[in-house]
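Results of the structural survey
Below, each chain spelled out in residue letters.
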Amino acid sequence: CKLYDSIVEVESRAVSVSAKTAKLMRKALAQQGKSVDVIDADKSPALASIDDKQLRQLLELVQSDRAGHIMQTPKASCFNGQHVKLGATNLGSGGWQFEYQPVVSPDRRSVRLAMTFEHCIRADSVERITRATKRFNLPDGRTLVWDLGETADGQCLFLLVTPRIRVQEEEERIFIGEQQPIPR
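No experiment lies behind these values; they were computed from the predicted model shown.

**Considering the overall build of the protein**
Scanning the protein from N- to C-terminus turns up three helices and eleven strands. Helices (α) and strands (β) of the protein occur, in sequence order from the N terminus, as β-α-β-β-α-β-β-β-β-β-β-β-β-α. Sorting the 184 residues of the protein into buried and exposed places 42% on the buried side. Considering only contacts within the protein whose residues lie at least 6 apart along the sequence, 58% involve residues at least 24 apart.

Here it is in C-alpha cells:
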C-alpha cells in the first residue's frame, strides 16, 4: 500500500462526567469493550475498543448525566502518516489540544494511531494541565475509549477516538458511478 493512497478520518470527543456516571461507563466497558493493542506498553483497564452501537449507548449515558459534557472536535481528514493538530483555547479559562498521526496497516484493516491529548484549566491564577500520550493499534471504524481518570475539578475525563480508513481509489470509483457505496 502506498503511503498516501489512503485517507484517515479521525473523529474525537473529550467527555467529562460525574464519578457516578464514570462508574457506570467503566462497568459497561468492562462487560462489552474489547481490549486495545497499546504499542510500547501493557494493556490497560483504562482502555477499551467499542463499535458504533456501543458508542451511541455510551454517549446516551453521558447525556443523561446533568454534570456531563461532550466536547467534539471537527472530523480531521488526513493522509496516511500525516501529523494533525486540533485545538481550542480560551485565554481566560484554558483549552484543549489533540494531536494524531494515523498510519494504515498494509491490509487496510487497522490504524496505528499515535495520539497526544492536552487539557488545560485556568482558575484563580492556577493552571492545571492533563496530558496523555500513547500509540495504539485500532481496527478500522472502532472507537477507542481512554479513561484518563479524575480531573482537578472533580470530573472524570474520557477520550473517545474513532479512525476510519478511506481508500482514494475506491472513493473515486464510487464518485463516478462505477461502484456502489458500501453501507457502514
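**Section: unusual backbone geometry**
Excluding glycine, residues mostly have negative phi values, and the peptide bonds linking residues are mostly trans. Not every positive phi belongs to a glycine, and R108 is a case in point at roughly 60 degrees. Along the chain, R108 turns up in the loop between β7 (94-104) and β8 (110-123).

**Comments concerning the pattern of salt bridges**
In this structure the tally under the stated criterion is seven salt bridges. Among the ionic pairs, E9 bridges to R166, the shortest N-O distance being 3.5 Å. Taken together, the residues E9 in strand β1 (residues 6-17) and R166 in strand β11 (residues 156-167) connect sequence positions 157 residues apart. Here the residues in one salt-bridge network are E11, R13, D52 and R164, joined through shared partners.

**Some points on the nonpolar core**
A general tendency of soluble globular proteins is for nonpolar side chains to be buried together. Of all hydrophobic cores here, the largest spans 28 residues; its most connected members are Y100, M115, F136 and W146. Listed by contribution, the elements that provide at least two residues to this core are β1, β5 (76-79), β6 (84-90), β7, β8, β9 (126-139), β10 (143-150) and β11. For this core, the element with the most residues is β11, which contributes five residues. Beyond its immediate stretch of four places on either side in the chain, M115 contacts E99, Y100, A132, T133, K134, F136, W146, L159 and V161. A48, I50, L55 and L58 belong to the second largest nonpolar core, which has 15 residues in total.

**Quick notes on the side chain of E9**
In this structure E9 comes out as buried when scored by relative accessible area, which is 15%. At a separation of 3.5 Å, a polar atom in the side chain of E9 contacts the side chain of R166. Once residues lying within four places of it in the same chain are set aside, the contact partners of E9 are K75, A76, S77, T162, P163, R164 and R166.

Definitions and cut-offs
- Residues numbered from 1 in each chain as written.
- Predicted model: local features only at pLDDT ≥ 70, side-chain atom pairs only at ≥ 80, totals over all residues.
- Heavy atoms only, no water.
- Helix = DSSP H or I, 4+ residues; strand = E, 2+ residues; numbered from the N terminus.
- Buried < 20%, exposed > 50% of the residue type's maximum accessible area, 1.4 Å probe, protein only.
- Contact = heavy atoms within 4.5 Å.
- Salt bridge = Lys/Arg side-chain N within 4 Å of Asp/Glu carboxyl O.
- Core = buried A, V, L, I, M, F, W, Y, C linked by side-chain atoms within 4.5 Å.
- Polar contact = N/O pair within 3.5 Å; in protein donor to acceptor, adjacent residues only side chain to side chain.

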